[in-house]
Amino acid sequence: MAGSTLATGQRTLARLLAPLLCLALAGCASTPLRGTGDLGVVIERASGSVQIVDNSHAQSLARVQGLGDLSHASVVFSPDARYAYVFGRDGAISKVDLLTARLVQRVEQASNSIGGAISSDGRVIAAQNYSPGGVKLFDADSLALLASVPATTGANGQPSRVVGLADLPGKRFAYALFDADEIDVLDASTPTAPKIQRFAHIGKQPYDGLASGDGRYFIAGLYGEDGLALLDSWHADAGVRRILAGYGRGRQALPVYKMPHLRGWSIAGDYAFLPAIGQHEVLVADNRSWAQVATVQVLGQPVFVMAEPGGRRVWVNFAFPDNDKVQVIDVPTRQVIKTLQPGRAILHMEFTARGDAVWLSSRDDNKLLVIDTASFEVRRTLPALEPSGIFFSSRASRMGM
Amino acid sequence: MDSGPVRRRLWLLAWLAASLCQQAAAAPAEARAAALLQLLHKDCGACHGLSLKGGLGSPLTPQALAGKPADSLVATILNGRPGTPMPPWRPFLSEEEAQWLVQLLQQGSAR
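On a predicted model such as this, the values are computed, not experimentally measured, just so you know.

## Describing the overall build of chain A
Part 1: Each helix and strand counted, chain A has two helices and 32 strands in total.
Part 2: A principal-axis box enclosing the C-alpha atoms of chain A has dimensions of 90 × 50 × 40 Å.
Part 3: By sequence separation, contacts in chain A at least 24 residues apart represent 43% of the contacts at least 6 residues apart.
Part 4: Carbon and sulfur atoms provide 52% of the accessible area of chain A, an area that totals close to 15,900 Å².
Part 5: Looking at charge distribution, chain A has the averaged site of its 39 positive side-chain charges lying 4 Å from that of its 37 negative ones.

## Overview of the pairing of strand E21 (residues 271-275) of chain A
All names here are of chain A.
Part 1: Burial analysis of E21 places four of its five residues in the buried class, the great majority of the element.
Part 2: Two elements, strand E20 (residues 267-268) and E21, share two bridges in a ladder whose sense is antiparallel. Each bridged residue has a counterpart across the sheet, and for isoleucine 267 the counterpart in E21 is alanine 272.
Part 3: Linking two consecutive strands that pair antiparallel, namely E20 and E21, is a turn of two residues; a positive phi of about 60° is found at glycine 269 within it.
Part 4: The sheet contact formed by E21 and strand E22 (residues 281-286) spans five bridges and is antiparallel. Of the residues in E22, the one forming a bridge with leucine 274 is leucine 283.

## Some thoughts on the packing of aromatic side chains
Part 1: This structure, assessed with the given rule, holds 11 aromatic pairs over all chains.
Part 2: Each ring, one from Phe320(A) and one from Trp89(B), has its centre 5.3 Å from the other, and the planes form 40°; the classification is tilted. With Phe320(A) in the loop between strand E25 (313-318) and strand E26 (326-330) and Trp89(B) in the loop between helix H4 (70-79) and helix H5 (95-107), this residue pair bridges two chains. One exposure class covers both Phe320(A) and Trp89(B), and it is buried.
Part 3: The structure contains a cluster of three or more aromatic residues connected by ring pairs, namely Tyr257(A), Phe320(A), Trp89(B) and Phe92(B).
Part 4: The ring of Tyr130(A) has Arg161(A) sitting right over it, with the charged end atom 5.9 Å from the ring centre.
Part 5: Over the face of the ring belonging to Tyr271(A) we find Arg334(A), whose NZ or CZ atom lies 4.9 Å from the ring centre.

## Remarks on the pattern of salt bridges
Part 1: Counted by the stated rule, this structure contains 26 salt bridges over all chains.
Part 2: Salt-bridge contacts for Arg106(A) lead to Glu108(A); the nearest nitrogen and oxygen are separated by 3.6 Å.
Part 3: The salt bridge partner of Arg251(A) is Glu281(A), with a shortest N-O separation of 2.9 Å. Of the two residues, Arg251(A) sits in the loop between strand E19 (240-243) and E20 while Glu281(A) sits in strand E22, which places them 30 residues apart along the sequence.
Part 4: Among the ionic contacts, a cluster of salt bridges with common partners joins Arg45(A), Arg363(A), Asp364(A), Glu386(A), Lys42(B) and Asp43(B).

## Brief notes about unusual backbone geometry
Residues and elements named next belong to chain A.
Part 1: The omega torsion of the bond from serine 131 to proline 132 falls at -5°, within 30 degrees of zero and hence cis.
Part 2: Note on placement: proline 132 falls in the loop between strand E9 (124-131) and strand E10 (134-139).
Part 3: With an omega of 0°, the peptide bond between phenylalanine 320 and proline 321 qualifies as cis.
Part 4: By the secondary structure assignment, proline 321 is in the loop between E25 and E26.

## Let's talk about the interface of chain A and chain B
Quite often, the size of an interface is put as the accessible area lost when its parts meet.
Part 1: On the chain B side, the residues contacting the 23 residues of chain A number 24 residues.
Part 2: Taking both partners together, chain A and chain B bury about 1,900 Å²; carbon and sulfur atoms supply 59% of that area.
Part 3: Broken down residue by residue, the surface that chain A buries against chain B is led by Arg45(A), Tyr257(A) and Phe320(A), which jointly contribute 29%.
Part 4: Where chain A touches chain B, the interface holds three salt bridges.

## Quick notes on the side chain of Asp69(A)
Part 1: The residue Asp69(A) is located in the loop between strand E3 (59-64) and strand E4 (74-77) in this model.
Part 2: In this structure, Asp69(A) is buried with no salt-bridge partner, the nearest side chain bearing the opposite charge being Lys53(B) at 5.5 Å.
Part 3: In this view, Asp69(A) contacts Gly88(A), Arg89(A), Asp90(A), Leu50(B) and Ser51(B); residues no more than four positions away in its chain are not counted.

## Quick word on the domain arrangement of chain A
Residues and elements named next belong to chain A.
Part 1: Under the domain assignment used here, chain A contains domain 1 (37-108 + 348-357 + 386-400) and domain 2 (110-254).
Part 2: Computed over C-alpha atoms only, the centres of domain 1 and domain 2 are separated by 23 Å.
Part 3: Tallying the contact residues gives 20 residues for domain 1 and 26 residues for domain 2.
Part 4: Overall, the association of domain 1 and domain 2 removes approximately 1,700 Å² of surface from exposure, summing both partners, and the carbon and sulfur fraction of that is 61%.
Part 5: Linking domain 1 with domain 2 are zero salt bridges, by the criterion used here.
Part 6: Across the domain 1-domain 2 interface, the total number found is eight residue pairs in polar contact (both at pLDDT 80 or more).
Part 7: When contributions to the side of domain 1 that touches domain 2 are tallied by element, the ones reaching two or more residues are E4, strand E5 (83-87), strand E6 (92-97) and strand E7 (102-108).
Part 8: Its residues placed into classes, the side of domain 1 that touches domain 2 shows eight nonpolar, seven polar and five charged.

## Digging into the sheet that holds E19(A)
All names here are of chain A.
Part 1: Read from one edge to the other, the open sheet built from four strands follows the order E16-E17-E18-E19, with strand pairing classed as antiparallel. Each end of this open sheet is capped by a strand with a single partner; those strands are strand E16 (206-211) and E19. Averaged over all pairs of adjacent strands, the angle between their axes in this sheet comes to 25°, without regard to strand direction.
Part 2: Relative to strand E18 (residues 228-232), strand E17 (residues 217-222) runs antiparallel, the two being bridged by five bridges. Paired with glycine 221 across the strands is leucine 228, a residue of E18.

## Concerning H4(B)
Residue and element names in this part refer to chain B.
Part 1: Extensive coverage of H4 is indicated by the burial of seven of its 10 residues.
Part 2: Every buried residue of H4 is listed here: Asp71, Ser72, Leu73, Val74, Thr76, Ile77 and Leu78.
Part 3: Residue glycine 80 follows H4 closely and has a positive phi angle near 75°.

## Here's the deal with the UniProt feature "domain: Cytochrome c" (unreviewed entry) in chain B
Part 1: In the numbering used here, UniProt assigns the feature "domain: Cytochrome c" (unreviewed entry) to residues 28-109 of chain B.
Part 2: The span residues 28-109 of chain B is 56% helix and 0% strand, and its two end C-alpha atoms sit 15 Å from each other.

Quick notes on the rules
- Residues numbered from 1 in each chain as written.
- Chains lettered and ligands numbered in written order.
- Predicted model: local features only at pLDDT ≥ 70, side-chain atom pairs only at ≥ 80, totals over all residues.
- Heavy atoms only, no water.
- Helix = DSSP H or I, 4+ residues; strand = E, 2+ residues; numbered from the N terminus.
- Contact = heavy atoms within 4.5 Å.
- Areas by Shrake-Rupley, 256 points an atom, 1.4 Å probe, with all protein chains shown as cover.
- Lys, Arg positive; Asp, Glu negative; His and termini not counted.
- Charge placed at Lys NZ, Arg CZ, Asp CG, Glu CD.
- Buried < 20%, exposed > 50% of the residue type's maximum accessible area, 1.4 Å probe, protein only.
- Pairing = 2+ DSSP bridges.
- Phe/Tyr/Trp six-rings, centres within 6.5 Å; stacked < 30°, edge-to-face > 60°.
- Lys NZ or Arg CZ within 6 Å of the ring centre and 35° of its normal.
- Salt bridge = Lys/Arg side-chain N within 4 Å of Asp/Glu carboxyl O.
- Buried area = accessible area lost by both parts, 1.4 Å probe.
- Domains from an automatic or database assignment.
- Polar contact = N/O pair within 3.5 Å; in protein donor to acceptor, adjacent residues only side chain to side chain.
- Nonpolar A, V, L, I, M, F, W, Y, C, P; charged D, E, K, R; others polar.
- Axes fitted to C-alpha atoms, helices over the stretch in contact; angles between N-to-C directions.
- UniProt positions renumbered as here; feature names shortened; annotations may be inferred.

As structure tokens, then:
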């Protein structure tokens, strides 16, 4: 209708304007309007930079520099998946805007840090620190310090190193104390005056922790003994109990050249798949009774034991000297069904939100691999500078990440 | 956590060993030296930090290692330290290579 009533003059004008409009659009094409829901952040450990990647098109969008020592780095996302908070080894928190690919804020908050988490309401960032040992809370917008919680003193007289920090529902965080054999639950409802519930004597040398995807359970892996420590946050008054105790069955512990990493991805359907320490095994536990139901022999010391989002298979990478290999466990049969050798020093694996692909980082081959989880084919490789962690923005809406 | 007597015995051993071999550790061939430096910053760095300022593993900076007998540090690298996460590296490093690494670490020239 509008077209048929268009006067000749207007039509000419439109014809004249059309190329201009195209130009304007082309100008925009370098920064097209986009969502952030399928983007990711890749840590480039040696160069202190991150790459912003786009999973939908398996491509790299930008590199953001100046993030400091990222030799052990982790990332959490704002609830709208626009901002990535990168926790660096040197104790800095860097806030990166995924849309503009800019470093928008950076605070140096400790001298040695290991990671962090974001509260269930997205308002509070918690950083877990090695030295000085403790947890600090920051405003998620401004990164202004809200509270500093020193950790319980360990046997060496110093505040303990904090490991395994994870968010729980209701603006709470759980974490473990490597030097003080403790699990703490911090309630950040009033973030300037957090409340802490401490559970002592939970087991020797907790080295990392995880919260289940529903935020009910917090589990700490123990370095100093065969077993893990479990807190059921629905029944916190019942305290922490030991699970999978004695999994080594008195066998000589093998040397561990890299500590395993635990997170909520360990849980696949009815089972939790957890790395043994000092045994080349993945432990399988029932995720309600927490009784051990099986062990799966693997080729080395597992580091990441990650269930595909659908829970059908579990992928495992390994510590030095087996860090060039990845094994895939079939959940129903609990058998290793595939051994891949994708590159040197595979440091991390990240599934796409619904598990159709997995991204791997190969530190020593300076590349990322995108692998089809159905066919195990490499769909794409992308260059990266000593890549380590890969974090997709779909984590923004998941607990315990 | 009191390992006093054990530690004293270790120090004595280390002192004996140190007085037996005073010469500097021989540098490995160039390619192996590069591989060892990579190992130090990447794989030791997994626990000690990329810049070796510490993490789950203690700092390996010259300040942190000052005054510690080289041979006991060499022994720690080769044999690990039971009861702590420090693993034994003997399968991957020779005695001379561990000595060379300790020398670099103590001099702060490990880069």
